[in-house]
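Remarks on the overall topology
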Amino acid sequence: MNLRSMLKGIAPVLLGGMLLTACDGGKDASKDTKAATKKADAKKPETKLVVPADMKAEAKADAKADAAADAGAAADAGAAPDDAKADDAKADDAKADDAKADDAKADDAKADDAKADDAKAAAKADEGKKADDAKKADAKKADDAKKPEAGPKVNAKELYTKKCKTCHGSSGNADTKLGKKHEIADWTKPGWKAKWSLAKVEGIITNGKSGTKMKAFKEKLSAAEIKALAAYSRKLGK
């Protein structure tokens with residue numbers, strides 16, 4: 001039972017006592033009686049309301065409980081917006097994380113595209129290199145086909161000694177028995193080279209010279225040997 005309830009219980013009792021006193025005096029009581037009553041009342045000691053200690057403690061406890069309840073309600077009222085703000089902050093953080101994840105995916109996609117482009121470029125370069133190598137190989141084959149087959153190296157001096165020295169002499173001056181007999185031209189005289197070009201000398205060695213003892217060697221010598229022998233012979237002349 002708290003102080004407020006106790007006061008509510010005492011108030012009617014006191015009010016009833018006062019009414020009863022007024023009724024006992026009657027409607028015909030004089031002013032003197034009222035004055036005497038006032039004096040008597042003034043002489044009476046003042047009645048103080050004594051509240052038991054346990055009721056005071058209970059009242060204090062109730063007041064604390066009410067204050068705590070009010071504080072809790074206020075705290076709840078204040079906490080709700082804070083919690084809402086915290087939730088909003090978490091939602092914003094989640095959105096930021098999602099945005100970062102999307103950016104990371106975009107970067108990965110770009111990296112993959114770059115790798116794909118590099119691979120394509122490398123493939124094209126490789127194809128181009130292979131094409132160039134193939135063209136070079138074909139060109140080399142064509143050049144090799146055009147070149148005459150390389151035969152054994154011809155020793156022109158040795159060939160001249162075997163085939164020509166008997167008539168034309170070792171120096172080309174025709175100072176031999178057959179050279180004098182057949183009146184073979186002396187190649188060492190100035191102006192001989194001007195009359196006999198390399199092609200003309202090759203033709204005489206190949207087909208011989210009509211009206212002379214110079215016979216054809218096309219059936220006895222190869223084309224390479226004829227060329228080498230013509231070049232050596234003309235080299236002896238002037």
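Check the entry above for the structure.
Residues numbered from 1 in each chain as written. Predicted model: local features only at pLDDT ≥ 70, side-chain atom pairs only at ≥ 80, totals over all residues. Heavy atoms only, no water.

Looking at the side chain of His 168
- Here His 168 lies in helix H5 (residues 165-168).
- Other than its neighbours up to four places away in sequence, His 168 contacts Tyr 160, Asn 173, Ala 174, Ile 184 and Trp 187. (Helix = DSSP H or I, 4+ residues; strand = E, 2+ residues; numbered from the N terminus. Contact = heavy atoms within 4.5 Å.)

What about the packing of helix H4 (residues 156-163) against helix H9 (residues 223-236)?
- At their nearest, the axes of H4 and H9 sit 9 Å apart, and the two run at 85° to each other. When the axis of H4 is compared with that of H9, the two are roughly perpendicular. Within the contact between the two elements, H4 uses Ala 156, Lys 157, Leu 159 and Tyr 160 and H9 uses Glu 225, Ala 228, Leu 229, Tyr 232, Ser 233 and Leu 236.
- When its residues are assigned to classes, the contact of H4 with H9 shows 7 nonpolar, 1 polar and 2 charged. (Axes fitted to C-alpha atoms, helices over the stretch in contact; angles between N-to-C directions. Parallel < 35°, antiparallel > 145°, perpendicular 65-115°, else oblique. Nonpolar A, V, L, I, M, F, W, Y, C, P; charged D, E, K, R; others polar.)

Description of the nonpolar core
- Ranked by internal contacts, the top residues of the largest apolar core, which has 16 residues, are Tyr 160, Trp 192, Trp 196, Val 201, Ile 205, Leu 221 and Leu 229.
- Taken together, the elements giving at least two residues each to this core come down to H4, helix H8 (198-207) and H9.
- Broken down by element, the residue count for this core peaks at 4 residues, all from H9.
- Among all residues touching Tyr 160, those that are not within four sequence positions of it are Lys 165, His 168, Gly 169, Ser 170, Gly 172, Trp 187, Leu 229, Tyr 232, Ser 233 and Leu 236. (Core = buried A, V, L, I, M, F, W, Y, C linked by side-chain atoms within 4.5 Å. Buried < 20%, exposed > 50% of the residue type's maximum accessible area, 1.4 Å probe, protein only.)

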